[in-house]
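Geometric and topological summary
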Amino acid sequence: MYIQEILDILDKNVDTFVTFPVTAEEQDLIADEFIDIGGFPKTTGLMDCTHVKGHPPKESAQTYVNRKGDFSINVQVVCDARLRIRNFNASWPGSAHDAHILRMSNVWEACESGLLRDKHILVDSGYPNRNWLLSVFLNPSSREQRRYNRSQRKTRVYVECLFGQWKREFSILNRVRLHVDYIPKVVAVCAMLRNIRIDRGLTKPMRAEEGRVGKEGRSRWRP
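Definitions and cut-offs
- Residues numbered from 1 in each chain as written.
- Predicted model: local features only at pLDDT ≥ 70, side-chain atom pairs only at ≥ 80, totals over all residues.
- Heavy atoms only, no water.
- Helix = DSSP H or I, 4+ residues; strand = E, 2+ residues; numbered from the N terminus.
- Buried < 20%, exposed > 50% of the residue type's maximum accessible area, 1.4 Å probe, protein only.
- Contact = heavy atoms within 4.5 Å.
- Lys, Arg positive; Asp, Glu negative; His and termini not counted.
- Charge placed at Lys NZ, Arg CZ, Asp CG, Glu CD.
- Pairing = 2+ DSSP bridges.
- Axes fitted to C-alpha atoms, helices over the stretch in contact; angles between N-to-C directions.
- Phe/Tyr/Trp six-rings, centres within 6.5 Å; stacked < 30°, edge-to-face > 60°.
- Parallel < 35°, antiparallel > 145°, perpendicular 65-115°, else oblique.
- Nonpolar A, V, L, I, M, F, W, Y, C, P; charged D, E, K, R; others polar.
- Core = buried A, V, L, I, M, F, W, Y, C linked by side-chain atoms within 4.5 Å.
- Polar contact = N/O pair within 3.5 Å; in protein donor to acceptor, adjacent residues only side chain to side chain.
- Disulfide = S-S within 2.5 Å.

With respect to the overall build of the protein chain
- Within the protein chain, the regular secondary structure consists of seven helices and five strands.
- Across its three principal directions, the C-alpha atoms of the protein chain cover 55 × 40 × 35 Å.
- The buried share among the 223 residues of the protein chain stands at 50%.
- Long-range pairs, those at least 24 residues apart, make up 67% of the contacts in the protein chain with a sequence separation of at least 6.
- Computing the positive centroid from 35 side-chain charges and the negative centroid from 27, the protein chain places the two 7 Å apart.

Take a look at the structure:
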């Protein structure tokens with residue numbers, strides 16, 4: 001089948017273009033770029049999940065049903081300040097919870113082992129808080145906590161912008177007209193091509209004012 005052969009060829013190059021920041025120098029550079037977005041310090045990535053629909057397998061089809069009733073793969077993504085995809089996990093069915101996918105991922109293992117040093121990844125309230133993984137205060141009780149939440153959300157909204165832009169660039173991600181077994185490679189190839197587009201200036205950079213936040217999101221936060 002030609003599509004399988006093409007995906008196999010392209011998939012061999014994914015690791016060249018989709019890389020997690022492992023050196024202190026690269027993490028510092030990304031953190032400096034994030035500061036200009038929302039003023040949140042020492043940030044080296046944003047993480048969230050997005051669903052990619054497809055045709056379910058004959059067996060265990062119900063495990064692929066997501067909260068909206070569609071058959072899908074729940075794809076975990078980590079992006080940097082340029083909205084380049086730095087890590088992805090497309091191996092879990094649509095019913096899998098975001099936090100469970102994270103705990104079973106190579107990102108969790110590496111970061112729990114201290115890979116990020118003094119840096120962290122921003123997530124929404126559906127994830128646990130760790131030294132390297134920061135969500136928001138669900139019930140902020142001080143001015144500092146409210147400022148923290150505004151800055152965190154203003155920065156984290158960019159991963160949602162990534163998903164919207166990514167799916168506009170590669171409409172196949174809105175619904176893969178193939179069996180779900182094909183989705184991981186489709187996601188991998190689209191992640192690679194996304195990064196190539198950014199590196200070659202073919203993707204319009206997101207601007208801070210395009211983030212979906214209100215006026216309160218303009219403040220900067222410092223520890």
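Further notes follow.
Comments concerning the sheet that holds strand S5 (residues 133-134)
- Across the sheet, which stays open at both edges, the five strands sit in the order S3-S2-S1-S4-S5 with mixed pairing between neighbours. Looking at strand neighbours, the two that pair on one side only are strand S3 (85-93) and S5, the edges of this open sheet.
- Judged from the three bridges that link them, strand S1 (residues 43-53) and strand S4 (residues 120-122) form a sheet pairing that is parallel. Its bridge partner lying in S4, Gly45 is registered against Ile121.
- Running at roughly 80° to S1, helix H3 (residues 24-38) makes contact with S1, strand S2 (72-79) and S3 of the sheet.

Re the packing of aromatic side chains
- Scanning all chains against the criterion turns up three aromatic pairs.
- Aromatic side chains Phe40 and Tyr148 sit 5.2 Å apart centroid to centroid with 65° between the ring planes, which places their arrangement in the edge-to-face category. One end of the pair, Phe40, is in the loop between H3 and S1; the other, Tyr148, is in helix H6 (residues 143-169), with 108 residues separating them in the sequence.
- The exposure class assigned to Tyr148 is buried, which follows from its relative accessible area of 9%.
- Measuring from centroid to centroid gives 5.1 Å for Phe137 and Tyr148, while their planes differ by 70°, and the two rings are edge-to-face.

Some details on unusual backbone geometry
- Notably, Lys42 is not glycine yet its phi reads approximately 55°, a positive angle.
- In this structure, Lys42 sits in the loop between H3 and S1.
- We classify Lys42 as partly exposed; its relative accessible area is 42%.

Considering the packing of H6 against helix H7 (residues 183-199)
- Between H6 and H7, the shortest axis-to-axis distance is 11 Å and the interhelical angle comes to 100°. For the element pair H6 / H7, the angle class is roughly perpendicular. Residues Leu162, Gln165, Trp166 and Glu169 of H6 touch H7, and the partners they reach there are Val187, Cys190, Ala191, Arg194 and Arg197.
- For the contact of H6 with H7, the class distribution of residues is five nonpolar, one polar and three charged.

Regarding the nonpolar core
- In terms of nonpolar packing, the biggest core is built from 42 residues, with Leu162, Trp166, Leu173 and Val187 touching the most fellow members.
- Going through the elements one at a time, H3, S1, S2, S3, H6 and H7 are the ones with two or more residues in this core.
- Ignoring any residue separated from it by four or fewer positions in sequence, one finds Leu162 in contact with Val77, Cys79, Leu83, Ile85 and Arg194.
- Residues Phe20, Leu102, Tyr127 and Leu133 belong to the second largest nonpolar core, which totals 17 residues.

As for the side chain of Thr43
- Structurally, Thr43 is set in strand S1.
- A polar contact of 3.5 Å, which involves the side chain of Thr43, links it to the backbone oxygen of Phe40.
- The residues touching Thr43, leaving out its near neighbours within four places in the chain, are Ile30, Ala31, Phe34, His120 and Leu122.

Overview of the state of the cysteines
- Tallied over the full model, the rule gives zero disulfides.
- Unpaired in terms of disulfides, Cys190 finds its nearest cysteine sulfur in Cys79, a separation of 16 Å.

It is worth stressing that arrangement in space is one thing and function is another; only the former is reported here.
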